[in-house]
Number of protein chains: 2
Amino acid sequence: MPNIPHFLPVALEHASRLINHGPTVLITSADGTRRNIMAAAWSMPVEFTPPRVAVVIDKRTFTRELIAASGTFAICLPGSALIELTYAVGNRSGRTMDKFEHFGIGTHDSPALQLPVLASGCSAWLECRLIPEKHTEDAYDTCFAEVVGAAADARIFRNGHWLFDGGNADLQTIHHLGGGNFVCAGNVVRATGA
Amino acid sequence: MPNIPHFLPVALEHASRLINHGPTVLITSADGTRRNIMAAAWSMPVEFTPPRVAVVIDKRTFTRELIAASGTFAICLPGSALIELTYAVGNRSGRTMDKFEHFGIGTHDSPALQLPVLASGCSAWLECRLIPEKHTEDAYDTCFAEVVGAAADARIFRNGHWLFDGGNADLQTIHHLGGGNFVCAGNVVRATGA
């Protein structure tokens, strides 16, 4: 486990909850010395146990090339303080620049798969191993993967639960409406039947 | 187009934007006189044009049975005023009751596919035709579909854009964190680079 302040491991049976509410995420990938980061609005869990996810990643992207080579990627959840960065990395290609260097993004190596995960500004990350599904990757740009590691900032996700409150607004998830407009999560309501 | 107050058709090229930000949705389905409604936290667009989506629907549900029979389903977006209903229909099976009757849910027939869509409380709905993909339906409970019709309440979605403001809180989308806790969308931030 890299030494990221406040970060603690998330039990694998709780990993799907990190993206249950549809946040926009950052996908990081690496193959040898090549690495990349991109934004993805389209991801979802598909199974709790084992934790599995689906992410839409355009087949023309550098990220898809790296994932095909390494068979792995990470999902990082940017907090609201990273809205500008999320929008910026979603609008440049990593083929001709190292976006981490260009945007000054500090990283750590994730413990299970040695993927670059953000050193600050994210509420959580998930390490994923691609489940090769050529047809859905080709037809729908949809990549299925199994989550093999996860961690979260204990100030906002603890014991398997999100804890949004007035004190952690900068870490709260963001949800892209399109065109650079993001909804910030925050106002939590509990169903009385729950 | 059914006469739902404030509802206007959404151009198909904008349909994917309705679920771009990861809202929890209601899935409605019908086959002959049988019909059902369930909640789904796991859905996403997979393509803008033609508009295509992926939704995770457990293979043991009555909804999957109806979708397999009819080849269609609708996605309705509950506003925050429907949190209790969303949680309730997500925790009962429609095999032994008509949940529309049980919960007093009024519906209209959607124009393209004659599916039951909610008469009030939703911000939008999408009519979907299943794209049969046996392997992903079996392995990941993931159903791909093409959106063939969409409409939204013009008080919150107009000209292809979400318009969250202080006056439409009841229609704003909800995002299930798990265990009956929902984040309400609402606080919109625009990236300065956009």
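Our subject is the structure listed above.
The structure reproduced in this document is the subject of the present report. Computed from a predicted structure; not experimentally measured. (Residues numbered from 1 in each chain as written. Chains lettered and ligands numbered in written order. Predicted model: local features only at pLDDT ≥ 70, side-chain atom pairs only at ≥ 80, totals over all residues. Heavy atoms only, no water.)

Focus on the environment of Val189 of chain B
No. 1: Position of Val189 of chain B among the secondary structure elements: in strand E15 (residues 187-190).
No. 2: Once the C-alpha coordinates of Val189 of chain B and Ala169 of chain B are considered, the two residues, 20 residues apart in sequence, prove to be 16 Å apart.
No. 3: Sequence-distant contacts of Val189 of chain B, that is, excluding residues within four places in its chain, are made with Ile83, Gly180, Asn181, Phe182 and Cys184 of chain A. (Helix = DSSP H or I, 4+ residues; strand = E, 2+ residues; numbered from the N terminus. Contact = heavy atoms within 4.5 Å.)

A word on the sheet that holds strand E14 (residues 181-184) of chain B
No. 1: With antiparallel pairing, three strands are arranged side by side in an open sheet as E15(A)-E14(B)-E13(B). At either end of the open sheet lies a strand with only one pairing partner, and these are strand E15 (187-190) of chain A together with strand E13 (174-178) of chain B. Sheet twist, expressed as the average angle between the axes of neighbouring strands with direction ignored, equals 35°.
No. 2: Inspection of the sheet shows E15 of chain A paired to E14 of chain B by four bridges, in the antiparallel sense. In the strand pairing of E14 of chain B, Val188 of chain A is matched with Val183 of chain B. (Pairing = 2+ DSSP bridges. Axes fitted to C-alpha atoms, helices over the stretch in contact; angles between N-to-C directions.)

Focus on helix H1 (residues 62-70) of chain B
Residue and element names in this part refer to chain B.
No. 1: Taken residue by residue, H1 has Phe62, Thr63, Arg64, Leu66 and Ile67 as its buried positions.
No. 2: Along its buried surface, H1 packs onto strand E2 (25-31), strand E3 (34-40), strand E6 (72-78), strand E9 (122-131), helix H4 (134-140) and strand E10 (142-153).
No. 3: Immediately beyond the C-terminal end of H1, within one or two residues, lies Gly71, with a positive phi of roughly 75°. (Buried < 20%, exposed > 50% of the residue type's maximum accessible area, 1.4 Å probe, protein only.)

Looking at the pattern of salt bridges
Residues and elements named next belong to chain A.
No. 1: Considering all chains together, one arrives at 20 salt bridges over all chains under this definition.
No. 2: The partner of Asp141 in a salt bridge is Lys59, and the shortest N-O contact between them spans 2.7 Å. One end of the pair, Asp141, is in the loop between helix H4 (134-140) and strand E10 (142-153); the other, Lys59, is in the loop between strand E5 (52-56) and helix H1 (62-70), with 82 residues separating them in the sequence.
No. 3: Since its relative accessible area comes to 41%, Lys59 is described here as partly exposed.
No. 4: Taken together, the shared-partner salt bridges in this structure form one network comprising Asp31, Arg34, Glu65 and Arg95. (Salt bridge = Lys/Arg side-chain N within 4 Å of Asp/Glu carboxyl O.)

A word on the interface of chain B and chain A
No. 1: Contacts between chain B and chain A engage 49 residues on the former and 49 residues on the latter.
No. 2: Around 4,100 Å² of area is buried between chain B and chain A when both sides are counted, 59% of it from carbon and sulfur atoms.
No. 3: Per-residue buried area on chain B facing chain A is highest for Trp42, Tyr140 and Leu177 of chain B; these three make up 19% of the total on that side.
No. 4: Between the two partners, chain B and chain A, sit zero salt bridges.
No. 5: Linking chain B with chain A are 20 residue pairs in polar contact (both at pLDDT 80 or more), by the criterion used here. (Buried area = accessible area lost by both parts, 1.4 Å probe. Polar contact = N/O pair within 3.5 Å; in protein donor to acceptor, adjacent residues only side chain to side chain.)

Some remarks on unusual backbone geometry
No. 1: Across the junction of Thr49 of chain A and Pro50 of chain A, the peptide omega takes the value -5°, indicating a cis bond.
No. 2: The residue Gln114 of chain A is not glycine, and still its phi comes out positive at about 55°.

Examining the sheet that holds strand E13 (residues 174-178) of chain A
No. 1: Spatial ordering of the open sheet is given by E13(A)-E14(A)-E15(B), a layout of three strands whose pairing is antiparallel. At either margin of the open sheet sits one strand with a lone partner, and together these are E13 of chain A together with E15 of chain B. Adjacent strand axes in the sheet meet at a mean angle of 35°, parallel and antiparallel pairs treated alike.

Looking at the relation of the copies chain B and chain A
Between the two chain copies there is a screw-like relation: a rotation about an axis and a shift along it.
No. 1: Least-squares fitting of chain B to chain A yields an RMSD of 0.0 Å, with the transformation described by 0.0 Å of translation along the axis and a rotation of 180°. The two molecules are tied by a two-fold rotation axis, judged by turn and shift. No C-alpha of chain B approaches the rotation axis more nearly than that of Gly22 of chain B, which lies at 1.9 Å.
No. 2: Take the interface residues of chain B: 100% of them recur as interface residues in chain A, which is what a same-surface contact looks like. (Least-squares fit on C-alpha atoms with pLDDT ≥ 70 in both.)

What about the side chain of Thr24 of chain B?
Residue and element names in this part refer to chain B.
No. 1: Mapped onto the elements, Thr24 comes out in the loop between strand E1 (7-9) and E2.
No. 2: From its side chain, Thr24 meets the backbone nitrogen of His176 in a polar contact 2.8 Å long.
No. 3: Contacts of Thr24, omitting those with residues within four sequence positions, involve Ala40, Ala41, Pro78, Thr86, Ile174, His175, His176 and Phe182.

Things to note about the packing of aromatic side chains
No. 1: Tallied over the entire structure, the rule returns 10 aromatic pairs over all chains.
No. 2: Between the aromatic rings of Phe7 of chain A and Trp125 of chain A, the centroid separation amounts to 6.3 Å while the plane-to-plane angle is 15°, which identifies the pairing as stacked. With Phe7 of chain A in strand E1 (residues 7-9) and Trp125 of chain A in strand E9 (residues 122-131), this pair connects stretches of sequence that are 118 residues apart. Like Phe7 of chain A, the residue Trp125 of chain A is buried in the burial classification.
No. 3: Ring geometry for Phe144 of chain A versus Tyr140 of chain B: centroids 4.0 Å apart, planes at 10°, classification stacked. Of the two residues, Phe144 of chain A sits in strand E10 while Tyr140 of chain B sits in helix H4, which places them in two different chains. For the residue pair Phe144 of chain A and Tyr140 of chain B, the accessibility class agrees, reading buried in each case.
No. 4: Linked through ring pairs, Phe157, Trp162 and Phe164 of chain A together constitute an aromatic cluster. (Phe/Tyr/Trp six-rings, centres within 6.5 Å; stacked < 30°, edge-to-face > 60°.)

Re the pairing of E13 of chain B
All names here are of chain B.
No. 1: Most of E13 is tucked away, with five of its five residues classed as buried.
No. 2: Bridge analysis of E13 against E14 gives four bridges, and the strand direction is antiparallel. Bridge pairing in E14 places His176 opposite Phe182.
No. 3: If you look at the hairpin formed by E13 and E14, you'll find two residues sitting between the two strands, and Gly179 has a positive phi there, around 65°.

These results come straight from atomic positions and should not be treated as a statement about function.
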